[in-house]
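# Survey of secondary and tertiary structure
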Amino acid sequence: MTATLFSPNTLLLDKHADYIAAYGSKKDDYEYTLSEYLRMSGIYWGLTVMDLMGQLSRMNREEIIEFIKSCQHDCGGISASTGHDPHLLYTLSAVQILSLYDSINVIDVDKVVDPFHTLFGVAGLSLLGDEQIKPVNPVFCMPEDVLQRIGLQPDLLN
Amino acid sequence: MHGRVKVKSTAQQEEEKRKEREKKLKAFVSARDAVLRKRSAGEHDEEALQLTQQLLSSNPDFATLWNYRREVLLQLETSREKDEVQKLYESELHFIEACLKVNPKSYGCWHHRSWVNTRLPQPDWTRELGLCDRCLSLDERNFHCWDYRRVVVKESGVSVEQELQFTDRLIGSNFSNYSSWHYRSTLLPQLHPQPAPDSASNTSPSPTASPQIHSHRVCEEQLLKEYELAHNAFFTDPNDQSAWFYYRWLLGRAEREEMISCVYVSRERERVSVAFSKPVHAQSEGLMLVLDGQPQQVEWRSTHPRLRHSPVWLCDLPPGSVSDISNEHNLTVHWTEKYTHRDCALYTGCAESWCRDSATDQELFRSELSVEKSSVLQAELQSCNQLLELEPQNKWCLLTIILLMRALDPLGHEKETLAHFQTLKEVDPMRSSYYSDLCSKFLIENTILKMEYAEVRVFSLSNKNLTTLCHLDQLLLVTHINLSSNQLLRLPPQFAMLQCLEVLEADDNAIESLEGLYHLPKLEEVSLRNNQICKLSDLESLASCTKLTRLDLRGNPVHKTANIDSELSQLLPLLCKSQAFVV
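Residues numbered from 1 in each chain as written. Chains lettered and ligands numbered in written order. Predicted model: local features only at pLDDT ≥ 70, side-chain atom pairs only at ≥ 80, totals over all residues. Heavy atoms only, no water.

Here is the rule: UniProt positions are given in the numbering used here, feature names are shortened, and annotations may be inferred rather than shown by experiment.
If you check an unreviewed UniProt entry, chain B appears there as Geranylgeranyl transferase type-2 subunit alpha from Cyprinus carpio carpio. Per UniProt, chain B has the following entry under Sequence similarities (unreviewed entry): "Belongs to the protein prenyltransferase subunit alpha family."

By the naming in an unreviewed UniProt entry, chain A goes by Geranylgeranyl transferase type II subunit beta and is assigned to Cyprinus carpio carpio. UniProt annotates chain A under Sequence similarities (unreviewed entry) with the comment "Belongs to the protein prenyltransferase subunit beta family." We quote the UniProt Cofactor (unreviewed entry) comment for chain A here in full: "Zn(2+)".

Now the structure itself:
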């Protein structure tokens, strides 16, 4: 395959990090606006990649935490973006983001517990500290024991 | 110049595109803001339907808008007659279909369609089934459509036979249809279930029997027909994986019995080591330790802090309870959650004792394919070998043959298996790491079996291209281990399960991490020549192995550290104090 002659065989980590760091400021971009319905998950994906690259500090932690606070509804669930309806997917993404930032308690944790009834929900409960559930790694969104068994270390990209 | 087509410059085109997108964005944003405003104001009217329709037509994944739309429709229902409601929802179905054309995999669309069918006074299931057929003909693996189809089938009472015929048609027209094969695997056990064993109907169900309403297995007669179907598929197109995966499902996968596989007692350390058939969290399993008829208050701990779920757990007996070698003791570990237990007798004059089922008895390594009878597996192996003659480089065939050989006779077929793995790595180099790891696993399994037949506690697997370690929970009793001349990268935390290890030889690997050499109470000699241990901190865990007297680190980057001797004596004081031989 001729493509391999010209394609890099290492990750261009700095460029990837720059791209993601700049992504949030694309507020006048059509595709960015159209994907508002999954914004919370998009933020989570960007943050985990930055974390894997050791560049989490380049993201605006305060702004993101305020955004999450504005997305929690009375029922306890969290929406993808301001004004959207709460949903399990985005509640989990929010909990994962707050785990990364060690700031679980900026939301009303007791209220969050109600909407969880699925595998995603169980992961969320684990991150919220439920002792009856296996510990879950927020970056990989997998149980810690599975990561141990397959020998997957988080410091992949250095 | 004449005859020259006027082409806009790239800059102009770019500018036009940018203006176009800006326009689109503005329209979207103003519609979105209007909708969200209306929603907050609690307005449920035609305008809401129009606005949401406009937005959803180009962005059907905007889930909140479907929620709003449902609120509006429910409101409108209250002021309409039945036939008007029918029309209202029929046009809704029409709208959803248009959205599905934009994104046939939109969760929001399919969910909304299911909901609409619950509101329709007269749902038309035939039409819905037709929609599924059409969607699947465009994309046979659209799982949204498959899920929706299952709902339609259930609601409209389509029979299992009809659905099975449906899969016949799909598979018949195109063998490469993973979803159809998968659907088939769920239908067959309903139509042709394997009859339950006779004993189950007569005796009262024991607490250990898992409550199965129906088996996931298929009766033998039908199974043989399915083998033929699978053969047709992979003989016709050996490179398509779906038939191969279906075939592996047919051959069956045994569930390992949940039990305590080994109990080991050490008088000197007054410690009990327990190996379970799967990783557990000891504190949640209702474990009870009984010594000479007396329940003991013990604390269970894992062999390594990173292993919070582990197959091996340790506990300390009350001091003095078993230390007198002239006394005999009886120990029982109860796993109350699974209604099972294991006894272990510690005899007079014995410093240690254990009780263990052999790997053969536990059918430990046969769980890949072993539900079928040997005769069936043998016949299937023959068929696959026939195909291999025609297609010697087919990776699916090679891999399936390996699995069949392992199910039939892992030790007898070892040589052939290694040869096939070599071929696999050549024909499918992108997965060579997977094959190396899988081959390593099988070699470890074979070595465990050989170790048991020889009734020794020495595990030797050197110069075998090992790339990974597994089944370390099965090596609880091993005293000597030789892993030299392989391609190992680390001794993982699981290595700490080798509670009886005295001698470790792991020269000539690429080991960087020694995490698993952690609190190994009997470890005396460690040889790690020619590895990749780089920093002194990589050796930290060795300080917890208090009986260590010999450590060979020659040929490692760390060995070149300045003042290595004094550094080591600080890091591992016990090792160096005891007139040890540190190289």
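That covers the picture; the talk isn't over yet.
## Focus on the overall build of chain A
We count it as follows: By the criteria applied, helices consist of DSSP H or I runs no shorter than four residues and strands consist of E runs no shorter than two, each listed in order from the N terminus. Throughout, exposure labels follow a simple rule: accessible area from a 1.4 Å probe, protein chains only, divided by the maximum for the residue type, with under 20% read as buried, over 50% as exposed, and the rest as partly exposed. Here, residues are in contact when the closest pair of their heavy atoms is within 4.5 Å. Methods summary: accessible areas were calculated by the Shrake-Rupley approach with a probe of 1.4 Å, and residue burial reflects only the protein chains presented.
On a plain count of helices and strands, chain A comes out with 9 helices and 2 strands. Along the chain direction, N to C, the helices and strands of chain A fall in the order α-α-α-α-α-α-α-α-β-β-α. Looking at the 158 residues of chain A, the share that counts as buried comes to 46%. Long-range contacts, defined here as pairs at least 24 residues apart, represent 58% of the contacts in chain A between residues at least 6 apart. When the accessible surface of chain A is totalled, it reaches about 8,900 Å², and 56% of it is carbon and sulfur.

## Section: the packing of aromatic side chains
All names here are of chain B. Defined as follows: Pairs were defined over the aromatic rings of Phe, Tyr and Trp, the Trp ring being its six-membered one, requiring ring centres within 6.5 Å. Orientation was assigned from the angle between planes: stacked under 30 degrees, edge-to-face over 60, tilted for the rest.
Evaluated as defined, the whole model comprises 20 aromatic pairs over all chains. With a centroid separation of 5.3 Å and an interplanar angle of 50°, the aromatic rings of W110 and Y148 are classed as tilted. One end of the pair, W110, is in helix α5 (residues 107-119); the other, Y148, is in helix α7 (residues 143-156), with 38 residues separating them in the sequence. Of the residues examined, W110 reaches a relative accessible area of 4% and is grouped as buried. Pairwise contacts between aromatic rings join Y227, F234, F235, W244 and Y247 into one cluster.

## Remarks on the pattern of salt bridges
When their charged atoms lie close together, side chains carrying opposite charge are able to pair. All names here are of chain B. Under the convention used in this document: Take a side-chain nitrogen of Lys or Arg and a carboxyl oxygen of Asp or Glu: if they are within 4 Å of each other, that pair is a salt bridge.
For the coordinates displayed, the defined rule picks out 44 salt bridges over all chains. For the salt bridge of E15 with R18, the shortest nitrogen-to-oxygen distance reads 3.1 Å. Note that E15 and R18 are positioned in helix α1 (residues 10-40) at a spacing of 3 residues, about one turn of the helix. Classification of E15 by relative accessible area gives partly exposed; the value is 33%. Look at R18 and you get partly exposed, because its relative accessible area is 44%. Notably, a salt bridge pairs R119 with E77, separated by 3.0 Å at the nearest N-O pair.

## Observations regarding the sheet that holds strand β6 (residues 310-316) of chain B
Residues and elements named next belong to chain B. For the record, the criterion: Here, strands pair whenever DSSP counts at least two bridges between them.
Read across the sheet, 5 strands follow the order β5-β6-β2-β1-β9 without closing on themselves; strand pairing throughout is antiparallel. Taken across any chain shown, the strands that pair with only one partner, and hence form the sheet edges, are β5 (301-302) and β9 (352-356). Bridge count for strand β1 (residues 260-266) against strand β2 (residues 271-280) is 6 bridges, and the pairing is antiparallel. Residue pairing in the sheet places Y264 in a bridge with S273 of β2.

## Comments concerning the side chain of R342(B)
Residue and element names in this part refer to chain B. Rules: N or O atoms closer than or at 3.5 Å make up a polar contact, with two conditions inside protein: a donor-capable atom paired with an acceptor-capable one, and, for residues adjacent in sequence, both atoms drawn from side chains.
Following the sequence through the fold, R342 ends up in strand β8 (residues 340-346). You can call R342 buried: its relative accessible area is 11%. Within polar-contact distance, the side chain of R342 engages the backbone oxygen of I260 at 2.6 Å. R342 has contacts with M259, I260, S261, C262, V263, L331, T332, V333, C355, R356 and D357, leaving out every residue within four places of it along the chain.

## Here we look at the sheet that holds strand β7 (residues 329-335) of chain B
Strand pairing within a sheet occurs via backbone hydrogen bonds; the two strands may be parallel or antiparallel. All names here are of chain B. Note the threshold: Geometry is summarised by axes, namely lines fitted to C-alpha atoms with helices restricted to the contacting stretch, and by angles between N-to-C directions that run from 0 to 180 degrees.
Taken together, 4 strands build an open sheet; the order of strands is β4-β3-β7-β8 and the sheet is antiparallel. Strands with a single pairing partner mark the edges of an open sheet, and in this sheet they are β4 (294-296) and β8. Geometrically, the sheet is characterised by an average inter-axis angle of 25° between neighbouring strands, direction not taken into account. One ladder, built from 7 bridges, connects β7 with β8; its direction is antiparallel. Directly across from H334, in β8, lies its bridge partner H341.

## As for the interface of chain B and chain A
The condition that has to hold: Summed over both partners, buried area is the accessible surface (1.4 Å probe) that two parts give up on being assembled.
If you look at the interface, chain B gives 19 residues, while chain A gives 19 residues. With both sides pooled, the region where chain B packs onto chain A buries about 1,900 Å², and carbon together with sulfur makes up 50% of that total. Looking only at chain B, the three residues that lose the most surface to chain A are L25(B), R306(B) and H309(B), adding up to 26% of its buried area. Our enumeration of links across chain B and chain A arrives at 3 salt bridges. Among the salt bridges present, the one from E31(A) reaches R21(B), with a minimum N-O distance of 3.0 Å. Where chain B meets chain A, there are 6 residue pairs in polar contact (both at pLDDT 80 or more). Broken down by secondary-structure element, the contributors of at least two residues to the side of chain B that touches chain A are α1 and α3 (63-77) of chain B.

## So, the pairing of β1(B)
Residues and elements named next belong to chain B. With 7 of its 7 residues buried, β1 lies for the most part within the structure. Both β1 and β9 contribute to a ladder of 5 bridges, which runs antiparallel. Among the inter-strand pairings, C262 is bridged to a residue of β9, identified as R356.

## Looking at the UniProt feature "domain: Rab geranylgeranyltransferase alpha subunit insert-domain" (unreviewed entry) in chain B
Cross-referencing UniProt, the feature "domain: Rab geranylgeranyltransferase alpha subunit insert-domain" (unreviewed entry) maps to residues 260-359 of chain B in the present numbering. Split by type, residues 260-359 of chain B is 0% helix and 53% strand. Its first and last C-alpha atoms lie 13 Å apart.

## Thoughts on the packing of helix α4 (residues 39-52) of chain A against helix α6 (residues 88-100) of chain A
Residues and elements named next belong to chain A. Test applied: Any angle that falls under 35 degrees is termed roughly parallel, while one over 145 is termed roughly antiparallel, one within 65 to 115 roughly perpendicular, and all others oblique. Helix crossings fall into two classes, left-handed where the near helix is turned counterclockwise from the far one by less than a right angle and right-handed where it is turned clockwise.
In the contact formed by α4 and α6, the axes pass within 8 Å of each other and the chain directions differ by 30°. The angle between α4 and α6 falls in the class roughly parallel. Relative to α6, α4 is oriented so that their crossing is left-handed. Of the residues in α6, those in contact with M40, S41, I43, Y44, L47, T48 and D51 of α4 are L89, Y90, S93, A94, Q96, I97 and L100.

## Observations concerning helix α13 (residues 374-390) of chain B
For clarity, the cut-off: By definition here, a helix of n residues has an expected span of 1.5 Å times n minus one.
Here α13(B) contains 17 residues, and its C-alpha end-to-end distance of 25 Å stays within 8% of the 24 Å for a straight helix at 1.5 Å per residue. Among the structural elements, α11 (220-236), α12 (241-251), α14 (395-408) and α15 (414-427) of chain B are those in contact with the buried residues of α13(B).

## Quick look at the packing of helix α8 (residues 160-173) of chain B against helix α9 (residues 178-191) of chain B
Residues and elements named next belong to chain B. Using the following cut-off: Each residue is assigned to one of three groups, with Ala, Val, Leu, Ile, Met, Phe, Trp, Tyr, Cys and Pro labelled nonpolar, Asp, Glu, Lys and Arg labelled charged, and all others, Gly among them, labelled polar.
At a minimum axis distance of 10 Å, the contact between α8 and α9 shows a crossing angle of 150°. Taken together, the axis directions place α8 and α9 in an arrangement best described as roughly antiparallel. Two packed elements cross with a definite hand, and for α8 against α9 that hand is left-handed. Residues V160, E161, E163, L164, T167, D168, L170 and I171 of α8 pack against S180, W181, Y183, R184, L187, L188, Q190 and L191 of α9. Residue composition of the contact of α8 with α9, by class: 9 nonpolar, 3 polar and 4 charged.

## What to know about unusual backbone geometry
For residues that are not glycine, phi is negative in most cases, and the peptide bond is trans in most cases. Residues and elements named next belong to chain B. The backbone of H519 shows a phi angle near 50°, a positive value even though the residue is not glycine. Note on placement: H519 falls in the loop between β12 (503-505) and β13 (525-527). For N563, which is not a glycine, the phi torsion comes out positive at approximately 55°. Note on placement: N563 falls in the loop between β14 (550-552) and α17 (564-571). A relative accessible area of 56% means that N563 is categorised as exposed.

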